[in-house]
Amino acid sequence: MNATDITDAQLAAAYLLLLFPLAVFLWYGVALVAESLLSVARMTVQLLFVGFYLQVVFQWNNPWVNGLWIAVMVIVADASIVRGCKLRVRRFALPLALALLLGVLVPLLLFLLVIIRPEPLFDARYVIPIGGMILGNCLRADIVGVSGFYEGIQKREKVYVTALAAGARLHEAVLPFLREALEAALRPTIATMATIGIVSLPGMMTGVILGGADPMTAIKYQIAIMLAIFTGTAITVTLAIYLTLGNSFTAYGMLDKDIFQRKNAQN
Amino acid sequence: MTEVIQIHNVSVCFANIPVFESIHLSIANKEKITIAGPSGSGKSTLVRCIMGFVPIATGSVFINNVELTPRSVWRLRAQMAFVAQEPELGDGTVREALTRPFSYHANRHIQYSETEALRLFDHILLPCDLMDKETSALSGGEKQRVALVGALLLQRPILLLDEAASALDETSKTAVRDFLTDRTDLTILSVSHDTRGFAFSGPVTDITRMTRKAAS
């Protein structure tokens, strides 16, 4: 049931593929040669480390270690959301971490407890890749959702203030911005579901097929994971906005401009 | 007469630079007063202070003898209607913009009346067919008047106008002023840099005389 291993020499041969894009860049003078080489080097080093860690984690296959791995991934994702949204770390790190954790755990637990029911339940082979896929999507959705929400209020402050003046409470005045942010954050997943299988063969399905499984098994996994991702992103974005609301407005209901990091000199 | 709005010794700073200092102002019930002053003198800021949109550095604001605080602001805002300079009506049609505030909890006790809205349209020279127009397609003067209709529909006793007629032509300005002057039930505070064009017959005060402006 295992995929054929790739020997070191064969992997080295894979790098020969780089000759084609690099030749195109050099020929047409596209300034991407150094960047490409750097990115390939980074990818290699990062994946080697992950491969090494995962090998150890898979050998132990201890539910606590697997949980810790998910926790570490959540913290790393949390930091990159705060950075991606250009928000003050101190105020947002904790509520966003909680939003991510719940966004991952709810669909992951459903996946493990109801859908696959592996033996042992928290098998690293399932917990880590599935948790990682849900988390990656939650991360992207949170960046789009949270930054869209706060920047929307900042850019269209007059609309927000008009609502307050007309008697809206905070949760009523933010509602149009919440709707827009959720729409922007969830639309990519919805669009992916609509075209999946036609436009591209998804990564997970490819993985399952390479792992030696039947294509029908692979699509069942893919359907389940897409539903889990959709659920996870909806949960995490809603929570991310609601959990940060309390800390982002002044006592008079105005957006606290201090939530944004200072703009760079170039802006 | 009872005082509806009282401003005691209020100062406002933006980034540690004073906009105005130690302003005093009292507005009696059903009084209609106009505050004049050049651009940048803090007129808009003063109105936004009363609505609780701008933090005050010192002093206090009272609405119907209740001090404006983080606790009271939500209740007090519901007693005032505000028309901003260059108002933004939100997405959708004019009708949607006018009905939206009626979904807020604070306005549950009143109902939107299209008849009343159209009656107000007529008074301030807006055509009825504007109702179905997208708010983004309105001119500046139309937006200002639709915002005014929206404010009046909320049936609040206090009306705060921030340059609310600045984009109107002379005929519309007169219509709006005459209509509001006849509304003897309303207490109105209007700020305007052009008081010859838009002012009520009541007192006109220059903001620069109400305040000890920061050392300039």
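Residues numbered from 1 in each chain as written. Chains lettered and ligands numbered in written order. Predicted model: local features only at pLDDT ≥ 70, side-chain atom pairs only at ≥ 80, totals over all residues.

### What to know about the pairing of strand β1 (residues 3-14) of chain B
All names here are of chain B. Rules: Two strands qualify as a pair provided DSSP detects at least 2 bridges between them. By the criteria applied, helices consist of DSSP H or I runs no shorter than four residues and strands consist of E runs no shorter than two, each listed in order from the N terminus.
Pairing analysis gives eight bridges linking β1 to strand β2 (residues 17-28), with the strands arranged antiparallel. Across the sheet, residue F14 finds its bridge partner in β2, namely I17. The turn joining β1 and β2, which pair antiparallel and follow one another in sequence, is formed by two residues; a positive phi near 50 degrees is taken by A15. Bridging between β1 and strand β4 (residues 58-63) involves five bridges; their strand directions are antiparallel. Its bridge partner being in β4, Q6 is matched across the sheet by F62.

### What about the sheet that holds β4 of chain B?
Residue and element names in this part refer to chain B. The line we're drawing: Contacts are defined on C-beta atoms placed from the backbone: any two residues whose C-beta positions lie within 7 Å are in contact. As a rule, the C-alpha atoms of each element are fitted with a line to give its axis, helices using only the stretch in contact, and angles between N-to-C directions run from 0 to 180 degrees.
In spatial order, the strands read β2-β1-β4-β5; together these four strands make up an open sheet with antiparallel pairing. Edge positions in the sheet fall to β2 and β5 (66-67), since each has one partner strand and no second. Contacts from helix α1 (residues 43-50) reach β1, β2 and β4, with the element oriented near 120 degrees to β1.

### A short note on the interface of chain B and chain A
The condition is simple: Note that Gly is not counted as nonpolar here; it falls among the polar residues with everything else outside the nonpolar set of Ala, Val, Leu, Ile, Met, Phe, Trp, Tyr, Cys and Pro and the charged set of Asp, Glu, Lys and Arg.
Counting residues at the interface gives 20 residues for chain B and 17 residues for chain A. In terms of residue class, the side of chain B that touches chain A is built from 14 nonpolar, four polar and two charged.

### Re helix α7 (residues 157-165) of chain A
Filter applied, for reference: Whether a residue is buried, exposed or partly exposed follows from its count of other C-beta atoms within 10 Å of its own C-beta, namely 20 or more, 12 or fewer, or something in between, respectively; the C-beta atoms are built from the backbone.
Residues of α7 of chain A that are buried include every one of Y160, V161, T162, A163, L164 and A165 of chain A, and no others. The elements touched by buried residues of α7 of chain A are α6 (124-155) and α8 (170-173) of chain A together with α2 (73-77) and β6 (80-83) of chain B. Following α7 of chain A by one or two positions, G167 of chain A adopts a phi angle in the positive range, close to 105 degrees.

### Comments concerning the pairing of strand β3 (residues 32-36) of chain B
Residue and element names in this part refer to chain B. Of all five residues in β3, five are buried, a share of seventy percent or more. Neither face of β3 is exposed, since K32, T34 and A36 on one face and I33 and I35 on the opposite face are all buried. Note that β3 and strand β8 (residues 187-191) share four bridges and pair parallel. Bridging from a neighbouring strand, I33 pairs with L189 of β8. Where β3 and strand β9 (residues 204-206) come together, three bridges link them in parallel fashion. For I35, the partnering residue across the bridge sits in β9 and is T205.

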